[in-house]
Amino acid sequence: MPLPLVFWENRMASIGAAVKDFRQLDLLATGDTGVHRLDARAKVLTTLAFILAVVSQGKYELAALLPFFLYPAVLMALGNLPVRHIARKVLVVLPFALMVGMFNPLFDQTVLVRLGPLGISGGWLSCASIQVRAMLTVGAALILVGITGFPAICQALDQLGLPRIFTVQLLFLYRYLFVLTEEGRRAARARELRAFGNKGLGISSYGPMISHLLLRTWLRAERIHLAMLARGFTGEFHPRRTTRFGGREFLFLAGWSGLFLLFRLVNVSQFMGAIVTGVLG
C-alpha cells in the first residue's frame with residue numbers, strides 16, 4: 001500500500017478516536033453514583049476552590065502540592081471514572097505546561113534544595129511545580145466534566161450568576177466540537193476515497209479541504225439551530241437530572257474547601273515528614 005494511503009488511514013483512525021474520546025466524557029457523566037447525583041453548583045464551586053488553592057501556592061512549592069492529589073483520587077474512585085482515560089487526557093496538556101517553564105532552570109540557578117551532593121536550583125523546582133499544577137488543575141476540570149456533564153456545568157454557571165449569553169455560547173461551542181470532528185472524519189474519508197494512488201493526497205489539497213470542512217460544519221450547525229428553534233428552544237437549559245442544593249451539597253463544598261484551605265496554609269507533606277523522621281529517629 002502506498003505510504004500516503006497508510007498515513008491517511010492512520011489519520012482517519014486518529015480522528016475517529018478523537019470523536020470517541022470526546023463522547024466518552026459525556027457517557028461517563030450519565031453515571032448514577034453519589035457524586036453524580038450531587039447538585040452541579042456544589043461540584044463547580046468545589047473545583048474552583050481547588051484550582052484557586054493549587055495555583056495560589058508559591059512558585060517553588062512542590063511538596064506542598066502533593067496532598068492535593070487526594071481530591072482527584074477520591075472523586076475518581078467515588079465516580080467510577082477510568083484512571084487511564086483521565087490520565088491520557090492530562091498527558092496531552094503537559095507538553096504545553098513544559099513549554100511555559102522549560103527556560104526557568106536557565107534564568108533561576110539559585111540552589112534551594114540539596115540532596116546530598118546534588119543541588120537543585122529554584123528554576124528546576126518552579127518548572128516541576130508548573131507541571132504538577134497543570135496535572136492537578138486539568139485533571140480536576142476533566143473529572144468535573146466526567147461526574148457532571150458539560151450541559152449541567154453550563155446550567156450551574158448560569159444559576160451562579162454568569163450571563164446567560166456566555167453560558168449558552170459556551171455550551172454551543174462544546175457541541176460544535178462534536179460537529180467539527182464528525183464532519184472532519186467524513187471529509188477525510190471522502191478525500192481518501194476520491195484519491196487515486198498518490199494523486200489527491202498532497203499538501204495542495206489541504207486548503208480546499210479545510211475550507212470545505214468549515215462550510216459543512218457551518219451549514220450543519222445552522223440546520224441544528226433551526227431544528228432547536230422548531231422544537232421550542234428559548235435559551236433554557238434542560239439537564240438530564242433535576243437536583244437541588246441541599247445539605248449533602250453544603251457538606252461536600254464546605255468539607256473539601258476546608259481541606260483545601262488546610263493544604264494551602266499548612267505544608268502537610270513537610271509536617272508528615274517531620275513526624276515520620278521524629279518517630280524513626
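First, a word on what this report is: a plain description of the structure on this page. As the structure is a prediction and not an experimental result, all values here were calculated from the model. (Residues numbered from 1 in each chain as written. Predicted model: local features only at pLDDT ≥ 70, side-chain atom pairs only at ≥ 80, totals over all residues. Heavy atoms only, no water.)

**Quick word on helix 5 (residues 83-101)**
Its 19 residues give helix 5 an end-to-end C-alpha distance of 26 Å, which sits within 8% of 27 Å, the value for a rise of 1.5 Å per residue. Its maximal kink placed at Val93, helix 5 deviates by approximately 30°, while the proline Pro95 follows within four residues. For helix 5, the set of buried residues is His85, Ile86, Lys89, Val90, Leu94, Ala97 and Gly101. (Helix = DSSP H or I, 4+ residues; strand = E, 2+ residues; numbered from the N terminus. Expected span 1.5 Å × (residues − 1). Bend = angle between axes of the 7 residues up to and from the residue. Buried < 20%, exposed > 50% of the residue type's maximum accessible area, 1.4 Å probe, protein only.)

**Comments concerning the packing of aromatic side chains**
For the coordinates displayed, the defined rule picks out nine aromatic pairs. Aromatic pair Phe68 and Phe263: ring centres 5.4 Å apart, planes at 80°, arrangement edge-to-face. Highlighted residues: Phe68 in the loop between helix 3 (40-55) and helix 4 (70-78) and Phe263 in helix 11 (residues 247-265), separated in sequence by 195 residues. Its relative accessible area of 8% is what places Phe263 among the buried residues. Centroid distance Trp256 to Phe260: 5.8 Å. Interplanar angle 25°. Geometry classified as stacked. Of this pair, Trp256 and Phe260 both sit in helix 11, separated by four residues, roughly a single helical turn. (Phe/Tyr/Trp six-rings, centres within 6.5 Å; stacked < 30°, edge-to-face > 60°.)

**A short note on the pattern of salt bridges**
Inspection of every chain in the model, using the stated rule, returns three salt bridges. Between Asp158 and Arg164 there is a salt bridge, with its nearest N and O atoms 2.8 Å apart. Of the residues examined, Asp158 reaches a relative accessible area of 15% and is grouped as buried. (Salt bridge = Lys/Arg side-chain N within 4 Å of Asp/Glu carboxyl O.)

**As for the environment of Met228**
Within the fold, Met228 resides in helix 10 (residues 206-230). You can call Met228 partly exposed: its relative accessible area is 25%. Setting aside its immediate chain neighbours within four residues, Met228 contacts Phe172 and Phe233. (Contact = heavy atoms within 4.5 Å.)

**Describing the packing of helix 5 against helix 7 (residues 122-148)**
Running from N to C, helix 5 and helix 7 cross one another at 145°; their axes reach a closest spacing of 9 Å. Here helix 5 and helix 7 pass one another in a crossing that is right-handed. Counting all contacts with helix 5, which are made through Ile86, Lys89, Val90, Val93, Leu94, Ala97, Leu98, Val100 and Gly101, the residues of helix 7 involved are Cys127, Ile130, Gln131, Ala134, Met135, Val138, Gly139, Leu142 and Ile143. Of the residues in the contact of helix 5 with helix 7, the class split is 14 nonpolar, three polar and one charged. (Axes fitted to C-alpha atoms, helices over the stretch in contact; angles between N-to-C directions. Left-handed = near helix turned anticlockwise from the far one by under 90°. Nonpolar A, V, L, I, M, F, W, Y, C, P; charged D, E, K, R; others polar.)

**A few points about the nonpolar core**
With 39 residues, the main nonpolar core has Phe50, Phe68, Leu75, Ile86, Leu136, Ile143 and Phe260 as its most contacted residues. For this core, the secondary-structure elements that each account for two or more residues are helix 1 (3-28), helix 3, helix 4, helix 5, helix 7, helix 8 (150-159), helix 9 (164-194) and helix 11. In terms of residues, this core owes the most to one element, helix 7, which gives eight residues. When residues no more than four places from it in sequence are discounted, the contact partners of Phe260 are Thr46, Ala49, Phe50, Ala53, Phe68 and Tyr71. (Core = buried A, V, L, I, M, F, W, Y, C linked by side-chain atoms within 4.5 Å.)

**A word on a nonpolar patch on the surface**
On the surface, a nonpolar cluster with roughly 840 Å² of combined accessible area is contributed by Phe96, Leu98, Met99, Met102, Phe103, Leu106 and Phe107. If you list the elements that add at least two residues to the nonpolar patch, you get helix 5 and helix 6 (104-107). Among the elements that make up the nonpolar patch, the one with the highest residue count is helix 5 (three residues). By secondary structure assignment, the location of Phe107 is in helix 6. Residue Phe107 is classed as exposed on the basis of its relative accessible area of 74%. (Patch = residues over 30% accessible without salt bridge, like charges linked within 9 Å, V, L, I, M, F, W, Y side chains within 5 Å. Areas by Shrake-Rupley, 256 points an atom, 1.4 Å probe, with all protein chains shown as cover.)

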